[in-house]
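# Structural characterization, general
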Amino acid sequence: MLEPSDIRDLCEQHDLYWDQRRDQLRELRRLYMTRFWETETYPTLDGILRTEVPKAYAVVESYLGSLYAKNPSVRVEPDLRDRGNPEVAQATANQYLLTIREQLEDATRLALIYPCAFMKLAPVESVDPLKRVSCAALPPWEVIVDATAFSWDQQRHVGHVYLMPLAEAAERYGKDPEDFKTRAYSKWIEATGIAGKSVMMGVDSNAGAVPDSDRWVRIVELYDLLEDRLLVWSGDFDDGNSFLFEGVKVQVGGLDPDAQADTETPDSEIVHETTGIPFKSASGRPVVPILPLYFSRDPDTPLRGYSLIHRSLDQFREMNVMRTYQAQGVRRMARQWMVRAGFLSEDSAAKISQGLDGEFVEVDLVPGAPLEGNIIPVPQAPIPGDIAAYATTVDMDIRDAGLLAPFTRGEVTKSTATEQNLLAAYTSSELGRMARIRDAVITGLAQTYNIILSVVLGDDAEPLALPNPVGPTILSADDLTGDFGYWAVDAGTTPMSDLAKQQSLERLAPILVQLGADPALLLEEMVRVFQLPENLATPAPPPPEMAPPPPEGLPPEGLPIEGPAGPVPGV
C-alpha cells in the first residue's frame, strides 16, 4: 500500500529524470517553433544575422495533416455477454469525439515533438450530463509512469502532476488556504535553475511576493492500480506527510429541466467517490482516465518513449547552420570596388555609391591616360558547390528518417492502383503504423468517456434522439455498462465504414431480387442502412378492386338499353 513517503519518492524520481532532459526538450521545442538560435549560446544582439529553416515544423505538421484528414469516430460492437446498448454507446462516444478533435491533435503534436504525450479525461460540473467530462493534452513531464513496466496495462501506478490555484484547491479538497505553501505559476519547460526546481520539487516560494490570484499549489493525483485507490498528495500540504484527499468528487444526475443554458451554474448533487478508483469496466477492472500516445518507444524502457524530432536532431541542426552559412556568404557578395587614393573625389565616390542611371562621374586623371589600374572590383570567392550538395544530403536524411510516402509531401508519383489502395489502407508506410496508434487512442477515449459518463449519470436517465433504427430512447448507466468492442472508423480499418456498406448493398440489391430474395426484407435493410424514414418500409395498400367488364353486347352498367323505339321501360 502506497504511503505519503512513497509518493514523495516517486515524485522525486520523476522530477530528476525530466530535469536532466530539460535542455534537450527545449531544443526540440525551439526547432519546431523556428527559434533554434534563441539561446544564451547565440545571443540575438551580437550583430550576426542568422537564418532558420522551418523543417521540423513541416515534418510534424505533415504527419498531423495526414493522420487527421477527417473527424474521429468509432463503431461499437455488442458485448459478448449481451450487456448494455451498443447503438447508444456509439452515439454518445461519437458526439464526444467531435468536441475533442483539437485536444487530440494537440496531444499528437506533443507526441511527435517530445518522447510521448498523454490525454486525460476528468469529470467536471455542467448542466448537461453529456458535457461533464473534460479532455486535456498532457506533456510527458506531467505524467508519472511506472518505468519498470513493459506495457501500459502492466503498471503498478499512474500519476498526474499539475499546478492548481490555491482557492480552487482549498474548495475542492475542503482545506483551509493557510494549510498550503504556495508558489507563483511557472511553466516547467521554461523554468531555469532554482525556479524550475521550485515548481517541480515542492520548494516553498515567497507567497507574499505575488498576489492572491497568482498563488498556486502543486498537486499529485496518483492511481494505485495494485490496491485500487485514487490518492491525491501535495508536497505543499502538511510538508507532504499526509494525503490531501482520497477519491474524487463527481456531479451525478440527469439534465436539470429548469436549466436555460450550459453556462448556468447547476444546482448539482456532488458525490464523493471513495470506494477505490471510481471508473471501472463492466468486468470490474479499474480504468485510469489517462491514455498514452507513443509513436516511438525506447527499446529498453518502452514507457519512456522516443521523439520523432530527436531522431533527426543532428540533421535539423545542420540545416540551420548550413542555411546561415549560405546566407552570410550571399550577403558578402556585394558590389565593392578598390580605387587608387585620390582618384575619386568625395562627390564622385558618393555618385558611384548611389548608382543612379545616366550619372556622369568626374575623375582626376591625366588626359589620355587609361582608367585601367585605377579602379578594380573587389574579388569574391564563390560559395563551393559542395555546400548545396551537402544541404541536399541532409534533407534526404530527414526524409529517410521519416519514412513518409511521397504523396504526403505533395509529390506526384506514377503509382499503380494497387499501390494507391495500400497507401489508403495505411499498410505500406510509417504513416500506417502511426494511424494504428491514433486509432487505439481514439477507441480508448471513446471507451473511457462512456465509463465516466455511466458514473456521472448515476441512477438517472437522459432522453436521446438517435437516428434509425434506434430512434428516440432513454440513456441510462446500464446502456453504457458493457465490454463493447470499439473500432475506429477510417478508410482502411475494419469493420468497413457506412459508405462502403451502402455501396455494396446498392450493387447487390438487383442480384438478390433476381435470385429470389424477399423484396420486403430487402427494402427494410435499405431503409436501415441508408437511415431513411421508417414509413418507407411500410407496404403500400393494395389498389381498389375494379368491377368486372359487362358481357359482350351489353352496355356498361348504369346506361339504359336502347330498343327499336327507344329506351326499354323498367330496364
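The following refers to the structure shown. The structure presented is a predicted model; accordingly, all values stated were derived computationally and were not measured. Residue positions within a chain follow its written sequence, with the count starting from 1. For a predicted model such as this one, the threshold for reporting local features is a pLDDT of at least 70, and the threshold for listing and counting side-chain atom pairs is 80 or more; totals across whole chains, interfaces and linings nevertheless cover every residue. Working from all heavy atoms in the structure, the side-chain values ignore hydrogens and water.

## Points about a nonpolar patch on the surface
Exposure above 30% relative accessible area and no salt bridge define the residues that can form patches, which grow by joining like charges within 9 Å and nonpolar side chains of Val, Leu, Ile, Met, Phe, Trp and Tyr within 5 Å. Per-residue and other accessible areas follow the Shrake-Rupley method at a 1.4 Å probe size, with only the shown protein chains counted as cover for residues. Between Lys or Arg on one side and Asp or Glu on the other, a salt bridge is scored when a side-chain nitrogen of the former is within 4 Å of a carboxyl oxygen of the latter. On the surface, W337, V339, I352, V361, V363 and L371 cluster together into a nonpolar patch covering about 480 Å² of accessible area. Helical segments are the DSSP runs of H or I of at least four residues, strand segments are the runs of E of at least two, and each set is numbered from the N terminus. Looking at where L371 falls in the secondary structure, it is placed in the loop between α10 (346–354) and β13 (375–377). The buried label goes to any residue with under 20% of its type's maximum accessible area, the exposed label to any with over 50%, and the partly exposed label to all in between, with areas taken from a 1.4 Å probe on protein chains only. For L371, a relative accessible area of 46% gives the class partly exposed.

## Observations concerning the side chain of S454
Within the element layout of this structure, S454 appears in helix α13 (residues 430–457). Among the residues examined, S454 registers a relative accessible area of 14% and is labelled buried. Pairs of residues are marked as contacts when any of their non-hydrogen atoms sit within 4.5 Å. Residue contacts for S454: discarding those within four places in its chain leaves A477, L480 and T481.

## With respect to the pattern of salt bridges
Considering all chains together, one arrives at 19 salt bridges under this definition. Residue E221 pairs with K120 through a salt bridge whose shortest N-O separation is 3.1 Å. Here K120 lies in strand β2 (residues 117–123) and E221 lies in strand β6 (residues 216–224), a separation of 101 residues in the sequence. As a salt-bridge pair, D228 and K280 come within 3.2 Å of each other at their nearest N and O atoms. Within this pair, whereas D228 is found in the loop between β6 and β7 (229–233), its partner K280 is found in the loop between β10 (269–273) and β11 (290–293), the two being separated by 52 residues in sequence. Within the structure, one salt-bridge network assembled from shared partners comprises E27, D314 and R317.

## Things to note about the side chain of T448
By the element assignment, T448 lies in helix α13. For T448, a relative accessible area of 6% puts it in the buried group. Residues in contact with T448, not counting those within four places in the same chain, are L121, V287, P289 and L291.

## Topic: the sheet that holds strand β5 (residues 157–165)
Strand pairing in a sheet relies on backbone hydrogen bonds, with the paired strands running either antiparallel or parallel. Strands were regarded as paired on the criterion that DSSP finds at least two bridges between them. If you walk across this open sheet you meet the five strands as β4-β5-β6-β7-β8, and the pairing is antiparallel. The sheet is open, and its two edges are formed by β4 (143–144) and β8 (245–246), each paired on a single side. Of the strand pairs in this sheet, β4 and β5 are connected by two bridges, and their pairing is antiparallel. Counterpart to V143 in the pairing with β5 is H160. Every axis corresponds to a line fitted to the C-alpha atoms, with the helix fit spanning only the stretch in contact, and the corresponding angles, defined between N-to-C directions, vary from 0 to 180 degrees. Packed on one face of the sheet, helix α1 (residues 4–19) meets β4, β5, β6 and β7 and runs near 105° to β6.

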